Amino acid sequence: MIFPQDQDPRKIFPRPGQWIFLTALVMFFAACAGRPAIKTDAYGTDIYARLKASKLPWEKLGKSVEGREIYGLTLGDGDSTVIIFGGFHGSEREGADLVLHFAEMLYPQRHSLKSRVVIVPAVNPDGLVRGERLNANRVDVNRNFPTENWGGKVRSRNNFPGTSPASEPETRMVIELLKRFPPQRIVSVHTALAVNNYDGPGAGLAGRMAEKNGYPAEGDIGYPTPGSFGTYAGKERGIPTITLELGRRSFQEMRDPNLDALMLAVTFP
Ligand SMILES: [Zn+2]
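Note that the coordinates shown come from a computational prediction; the quantities given were computed from them, not determined experimentally. (Residues numbered from 1 in each chain as written. Predicted model: local features only at pLDDT ≥ 70, side-chain atom pairs only at ≥ 80, totals over all residues.)

### What to know about the sheet that holds strand 8 (residues 241-246)
- Read across the sheet, 8 strands follow the order 1-2-4-3-5-8-6-7 without closing on themselves; strand pairing throughout is mixed. What marks the edges here is a single partner per strand, and that holds for strand 1 (59-63) and strand 7 (217-218).
- Bridging between strand 6 (residues 195-199) and strand 7 involves 2 bridges; their strand directions are parallel. Residue pairing across strands places Asn196 opposite Ala217, the latter belonging to strand 7.
- Packing against the sheet, helix 6 (residues 169-180) makes contact with strand 1, strand 2 (69-75), strand 3 (81-86) and strand 4 (116-120), and its axis sits at approximately 135° to strand 1. (Pairing = 2+ DSSP bridges. Helix = DSSP H or I, 4+ residues; strand = E, 2+ residues; numbered from the N terminus. Contact = placed C-beta atoms within 7 Å. Axes fitted to C-alpha atoms, helices over the stretch in contact; angles between N-to-C directions.)

Structural data, given as structure tokens:
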């Protein structure tokens with residue numbers, strides 16, 4: 001048996017370089033343990049900052065609960081309108097990021113568009129800035145729409161539908177936008193179920209988007225979503241509505257196939 005005092009102390013105690021590594025490791029785990037249940041992150045903050053700093057001619061469509069601007073970009077003209085939403089859920093930052101990238105990609109092509117395209121990267125900017133799913137009133141904007149099944153049984157408080165249908169300014173902004181530009185197609189980008197989920201007559205479009213992004217096209221997401229935007233626009237108003245759920249791969253890997261899928265929604269059929 002070897003007692004510690006028999007050993008070279010340099011082998012027992014870490015050397016200076018190792019101390020730095022161990023201290024960093026302990027600080028990392030301490031930071032993880034102290035993290036609030038609903039995470040905040042710099043990525044989410046950066047997307048809204050990037051959106052605000054963007055040089056594209058954004059229009060202010062409305063304000064969030066905390067007074068943040070909700071920006072929209074209208075490009076092209078024509079008989080049909082396509083609306084692309086991101087950031088209903090602020091924690092699903094890749095969705096907002098994708099829609100902002102799509103706006104930047106489409107803007108230089110605006111003169112060749114054959115339809116009107118309205119792009120809203122951050123429906124819920126308060127959630128996006130915090131990296132949180134819910135809005136600042138702790139409401140799931142995607143359960144707050146005035147549908148026949150609003151307020152039905154929800155899975156958790158992460159799906160709180162609000163105190164009444166359309167109680168939230170973010171929800172009302174979306175409803176007003178649909179009245180102003182009645183769309184032929186809608187895509188709302190979320191994460192991370194890796195599916196082209198369609199509501200209403202959207203199976204054809206979802207199937208074509210599937211060819212681009214490789215996610216399946218499905219009409220049922222597998223659990224009830226009372227008061228969802230898909231129910232409001234797709235099921236109850238008959239507008240082909242795709243909830244594009246990105247997957248769990250890195251944004252870099254998912255970006256281009258899904259920009260192609262969004263482009264297909266613009267040029268469809
Ligand atoms: Zn979502």
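### Quick word on the pairing of strand 2
- Judged by how many residues are buried, strand 2 sits mostly within the fold: 6 of 7 residues are covered.
- Bridge count between strand 1 and strand 2: 4 bridges; the pairing is antiparallel. Within strand 2, the residue paired with Lys63 across the bridge is Glu69.
- Hairpin connection, strand 1 to strand 2: the antiparallel pair is bridged by 5 residues, and Gly67 has positive phi, about 85°. (Buried ≥ 20, exposed ≤ 12 C-beta atoms within 10 Å, placed from the backbone.)

### Observations regarding the packing of helix 7 (residues 203-213) against helix 9 (residues 251-267)
- Two elements in contact, helix 7 and helix 9, have axes whose closest approach is 8 Å; the angle formed by their N-to-C orientations is 150°. In terms of their interaxial angle, helix 7 and helix 9 are classed as roughly antiparallel. You can see that helix 7 and helix 9 cross each other, and the crossing is right-handed. Residues Leu205, Arg208, Met209, Lys212 and Asn213 of helix 7 form the contact with helix 9, whose own contacting residues are Pro257, Asn258, Asp260, Ala261, Leu264 and Ala265.
- The class makeup of the residues in the contact of helix 7 with helix 9 is 6 nonpolar, 2 polar and 3 charged. (Parallel < 35°, antiparallel > 145°, perpendicular 65-115°, else oblique. Left-handed = near helix turned anticlockwise from the far one by under 90°. Nonpolar A, V, L, I, M, F, W, Y, C, P; charged D, E, K, R; others polar.)

### Notes on the environment of Gly200
- Mapped onto the secondary structure, Gly200 falls in the loop between strand 6 and helix 7.
- Measuring from C-alpha to C-alpha, the distance between Gly200 and Gly238 comes to 5.2 Å, with 38 residues separating the pair along the chain.
- Not counting residues up to four positions away in its chain, the partners in contact with Gly200 are Gly234, Lys235, Gly238, Ile239, Pro240 and Thr241.

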